[in-house]
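# Structural overview for review
What follows is the residue order along each chain.
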Amino acid sequence: MTRTRLPGTPDPDTYFEGADGNRIAADVWGEPGHQLVLLLHGGGQTRHAWKGAGEALSEQGYHAIALDARGHGDSDWIASGEYDHQDMVRDLAAVAKSISSAPPVLVGASMGGMVSLSGLGSGHLTARALVLVDIGPRIEVEGANKVREFMQQKIEGFDSLEEVADAIANYQPQRQRPRKLDGLAKNVRQGEDGRYYWHWDPNYITRKMEVNSRMEEMQAASRSLTIPTLLVRGGLSDVLSEEGAQEFLTLCPHAEYSNVTDAAHMVAGDRNDIFVADVADFLGRVVPQEK
């Protein structure tokens, strides 16, 4: 079934070619040639989650690019259903190489953080610095299940944008429900049946995931990190607990840590001001860039 972008959905600034010839949509801020910062969203999100961060980082002199992962947002869906983290690592490596020969800074939230960590651990990616946002080798099963349940709900589609807004508000009670629904255009597509569907391929969330082997991979990758690293946790997060954060810091002793007390799993969306300040301070010290 054809699913159409709604009027008002922002067009990508550009597209890059992924590892399998697939298109990767992107928004861009700042000057080419400056230190590249790649912003990688979480599962079920899109590049739009980074708008505030991208603008702020460009003001600090960085060349910030937010990518839609394969199967998400305006990037191509993969007919074969290849949405494993290693497939996303391959896309990320291809995009980074096409932009610059110099290693980027990787800023990854949730899924984007796991992709970054996996790629660095396997040697398929190189980076000057890493920022992990509310993710580590050990995550809380209950919180992860809530994310998965949110993404799986209404795969058959929503009747209205009001129903979409209700679903988001129920999942993110710490945020004020928007009065206007125009902003939801970038989150959904409309099917031929008139119903509204999430802006990601349902095959991404219905695939089987090997949690135990993934944890071991993330632990090994964390131990292998030698680049400057910052872990940012949402203090209200039910996905990465304080214990999980401390476990990562034990595996990667040189990493810095920021706990944003009044943010949940989507840290940048909840408290973008604090998030950007922490990341800008970190990058200003470890990867300084002229404004």
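See the structure above.
Per chain, residues are indexed from 1 in the order of the written sequence. With pLDDT at 70 or above as the cut-off, local features in this predicted model cover only qualifying residues; side-chain atom pairs require 80 or more to be listed or tallied, and sums for whole chains, interfaces and linings still use all residues. The basis for the side-chain values is all heavy atoms of the structure; hydrogens and waters are excluded.

### Focus on the overall build of the protein chain
- For helices the rule is a DSSP run of H or I covering at least 4 residues; for strands it is a run of E covering at least 2, with both sets numbered from the N terminus onward. Summing up its helical and strand segments, the protein chain has 10 helices and 11 strands in all.
- For the radius of gyration, the atom set is restricted to C-alpha positions; the globular benchmark scales as 2.2 Å times the number of residues to the power 0.38. In terms of overall dimensions, the protein chain is globule-like: its C-alpha atoms have a radius of gyration of 18 Å, near the 19 Å expected for 291 residues.
- With respect to the three principal axes, the spread of C-alpha positions in the protein chain is 50 × 40 × 35 Å.
- Using a 1.4 Å probe on the protein chains alone, a residue whose accessible area is under 20% of its type maximum counts as buried, one over 50% counts as exposed, and one in between counts as partly exposed. A burial count over the protein chain gives 51% of its 291 residues as buried.
- Contacts between residues were defined by any pair of non-hydrogen atoms, one from each residue, lying within 4.5 Å. If you take every contact in the protein chain between residues at least 6 apart in sequence, the share linking residues at least 24 apart comes to 74%.
- Surface accessibility in these figures is a Shrake-Rupley result with a 1.4 Å probe; residues are shielded only by whichever protein chains are displayed. Just so you have it, the protein chain exposes about 12900 Å², and 49% of that area is on carbon and sulfur atoms.
- Under the convention used here, Asp and Glu are negative, Lys and Arg are positive, and both His and the chain ends fall outside the count. Charged side chains are reduced to one point each, which is NZ for Lys, CZ for Arg, CG for Asp and CD for Glu. Charge-centre separation for the protein chain: the mean point of 28 positive side chains lies 1 Å from the mean point of 42 negative side chains.

### Concerning the sheet that holds strand β9 (residues 196-198)
- Sheet architecture is open: three strands sit in the order β1-β8-β9, paired in antiparallel fashion. Looking at which strands have only one partner, the edges of the open sheet turn out to be β1 (3-5) and β9. If you compare each strand with its neighbour and ignore which way they point, the axes differ by 45° on average.
- Think of it this way: DSSP has to see at least two bridges between two strands before they count as a pair. Relative to strand β8 (residues 188-191), β1 runs antiparallel, the two being bridged by three bridges. Residue pairing in the sheet places arginine 3 in a bridge with glycine 191 of β8.
- Running at roughly 30° to β9, helix α5 (residues 161-171) makes contact with β8 and β9 of the sheet. Helix axes use the C-alpha atoms of the stretch in contact, all axes being lines fitted to C-alpha atoms, and the angles between their N-to-C directions lie in the range 0 to 180 degrees.

### A word on helix α1 (residues 51-59)
- When we look at burial in α1, the residues that qualify are Ala53, Gly54, Ala56 and Leu57. Around the axis of α1, the buried residues are gathered within 170° of arc, so they sit on the same side.
- In the core, the buried residues of α1 are packed alongside β3 (23-29), β4 (36-40), β5 (63-67) and α10 (272-286).
- Backbone geometry just downstream of α1 places glycine 61 in the positive-phi region, at approximately 100°. As used here, the arc belongs to the directions running from the helix axis to the C-beta atoms.

### Overview of the side chain of aspartate 68
- Of note, aspartate 68 is situated in the loop between β5 and α2 (85-99).
- For this analysis, a polar contact is any N or O atom pair within 3.5 Å, provided that within protein one partner can donate a hydrogen and the other can accept it, and provided that sequence-adjacent residues contribute only side-chain to side-chain pairs. A polar contact of 2.8 Å, which involves the side chain of aspartate 68, links it to the backbone nitrogen of aspartate 74.
- In this view, aspartate 68 contacts Ile24, Ala25, His41, Thr46, Arg47, Gly73, Asp74 and Ser75; residues no more than four positions away in its chain are not counted.

### Some details on the nonpolar core
- Definition used in this section: a nonpolar core is a set of buried Ala, Val, Leu, Ile, Met, Phe, Trp, Tyr and Cys residues joined via side-chain atoms within 4.5 Å. Within the largest apolar cluster, 56 residues are counted, with the highest numbers of intra-cluster contacts made by Leu67, Leu92, Leu106, Leu120, Leu130, Leu225 and Phe248.
- Look past the residues within four positions of leucine 225 in its chain and what remains in contact with it is Leu117, Leu120, Leu130, Phe248, Cys252 and His254.
- Leu39, Val107, Ala109 and Val276 belong to the second-largest nonpolar core, a separate cluster that totals 28 residues.

### Considerations on the packing of α1 against α10
- It is the contact of α1 with α10, at a shortest axis distance of 10 Å, that shows an interaxial angle of 40°. Accordingly, the angle class assigned to the pair α1 and α10 is oblique. Considering the relative orientation of α1 and α10, their crossing is right-handed. Contacts between α1 and α10 involve Gly52, Ala53, Ala56 and Leu57 on the former and, on the latter, Asn272, Phe275, Val276, Val279 and Leu283.
- Under the convention adopted here, Pro, Cys and the residues Ala, Val, Leu, Ile, Met, Phe, Trp and Tyr are nonpolar, Asp, Glu, Lys and Arg are charged, and Gly plus all remaining residues are polar. For the contact of α1 with α10, the residue count by class is seven nonpolar, two polar and no charged. Angles are sorted into four bins: roughly parallel if under 35 degrees, roughly antiparallel if over 145, roughly perpendicular if 65 to 115, and oblique for all others. By the definition used in this description, the sense in which the near helix is turned from the far one sets the handedness, with an anticlockwise turn below a right angle giving left-handed and a clockwise turn giving right-handed.

### Re the sheet that holds strand β11 (residues 256-260)
- Taken in spatial order, the eight strands of this open sheet run β2-β3-β5-β4-β6-β7-β10-β11, and their pairing is mixed. The open sheet has two free edges, formed respectively by β2 (14-17) and β11, since each of these has just one partner strand. If you compare each strand with its neighbour and ignore which way they point, the axes differ by 20° on average.
- The sheet contact formed by β4 and strand β6 (residues 105-109) spans four bridges and is parallel. Within β6, the residue paired with leucine 38 across the bridge is leucine 106.

### Some remarks on the pattern of salt bridges
- Take a side-chain nitrogen of Lys or Arg and a carboxyl oxygen of Asp or Glu: if they are within 4 Å of each other, that pair is a salt bridge. The tally for this structure, following the rule as stated, stands at 23 salt bridges.
- With a closest N to O distance of 3.6 Å, arginine 23 and aspartate 76 form a salt bridge. Of this pair, arginine 23 sits in strand β3 while aspartate 76 sits in the loop between β5 and α2, placing them 53 residues apart in sequence.
- One salt bridge connects aspartate 87 with arginine 90, and the closest N-O pair in it is separated by 3.1 Å. Of this pair, aspartate 87 and arginine 90 both sit in helix α2, separated by three residues, roughly a single helical turn.
- Note on arginine 90: relative accessible area 32%, which makes it partly exposed.
- Salt bridges sharing common partners tie together Arg5, Asp11, Asp27, Arg47, Asp68 and Asp74.

All quantities given are derived from atomic positions and should not be read as evidence of function.
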